[in-house]
Amino acid sequence: MTDWDSLFCCSGAYGRAISDFCVTKFTLDMKALDQSLWCSWSDTFQPYEELTNCTYFVALKMHCFWPNQQIDELFIRLHRDYFHDCALTGRLLRDPPIRILGPFIGVPVLVTLLMTALVVWSGKCCQGIV
C-alpha cells in the first residue's frame, strides 16, 4: 500500500470503523455516567482515554495518518455534545475549603480594624500637643 492509498482509505471506511468501534463505546460509557459528572475529569478520563486510544489503533490498523481532520472534527463534535458546559480547566467549579478561604477573608478584615484603631489612637494622642 502506498502513501496515497493510505490517504484515500481514511475517508469512508475509516470513519465507519471509528464510529462502530470507538464512538459507540464512548457514547455508552458516557450514558452510564451521571450527566452531572461529565465535567469531572477524574470520572471521564478513562472513557476519553479509551476513545483516543481506539481512534489511534483503528488508524494504525487501517494505515491511516493519526491525528487527522476526521479525528479533529470528531473530538470537536464530542466536546460540543458532552463537555460544552464545563469550565476550561476541566474541573467542576466549587468554593475552596474554608482553611484556604479563611485567611483571604480574615487577614484583610483584621488589617482594616488595626489600621482604623491606629488612626483613632494617633488622633487622640496628638490632640493635646498642638
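To be clear, the structure that these remarks concern was listed above.
Small disclaimer: the values here were computed from a predicted structure and weren't measured.

Trainee: Is there a simple way to think about the state of the cysteines in this case?
Mentor: Covalently bonding the sulfur atom of one cysteine to the sulfur atom of another cysteine gives a disulfide. Throughout the structure, instances matching the rule amount to two disulfides. At a sulfur-sulfur separation of 2.0 Å, the disulfide partner of Cys 22 is Cys 54. Taking the sign of the S-S torsion, -80 degrees for the link of Cys 22 and Cys 54, the bridge is left-handed. Of this pair, Cys 22 sits in helix H2 (residues 12-32) while Cys 54 sits in helix H3 (residues 41-61), and the two are 32 residues apart along the sequence. Each member of the pair, Cys 22 as well as Cys 54, carries the same accessibility label: buried. In this model, Cys 39 is linked to Cys 86 through a disulfide, with the two sulfur atoms separated by 2.0 Å. In this structure the cystine formed by Cys 39 and Cys 86 twists about its S-S bond by roughly -90 degrees; its chirality is therefore left-handed.

Trainee: Sorry if this is basic, but what is going on with the environment of Tyr 82 here?
Mentor: With respect to the helices, strands and loops of the structure, Tyr 82 is situated in helix H4 (residues 69-82). The spatial distance from the C-alpha of Tyr 82 to the C-alpha of Gln 35 is 8.7 Å, given a sequence separation of 47 residues. Setting aside chain neighbours within four positions, we find Tyr 82 in contact with Phe 26, Thr 27, Met 30 and Trp 38.

The rules behind the values
- Residues numbered from 1 in each chain as written.
- Predicted model: local features only at pLDDT ≥ 70, side-chain atom pairs only at ≥ 80, totals over all residues.
- Heavy atoms only, no water.
- Disulfide = S-S within 2.5 Å.
- Helix = DSSP H or I, 4+ residues; strand = E, 2+ residues; numbered from the N terminus.
- Buried < 20%, exposed > 50% of the residue type's maximum accessible area, 1.4 Å probe, protein only.
- Contact = heavy atoms within 4.5 Å.

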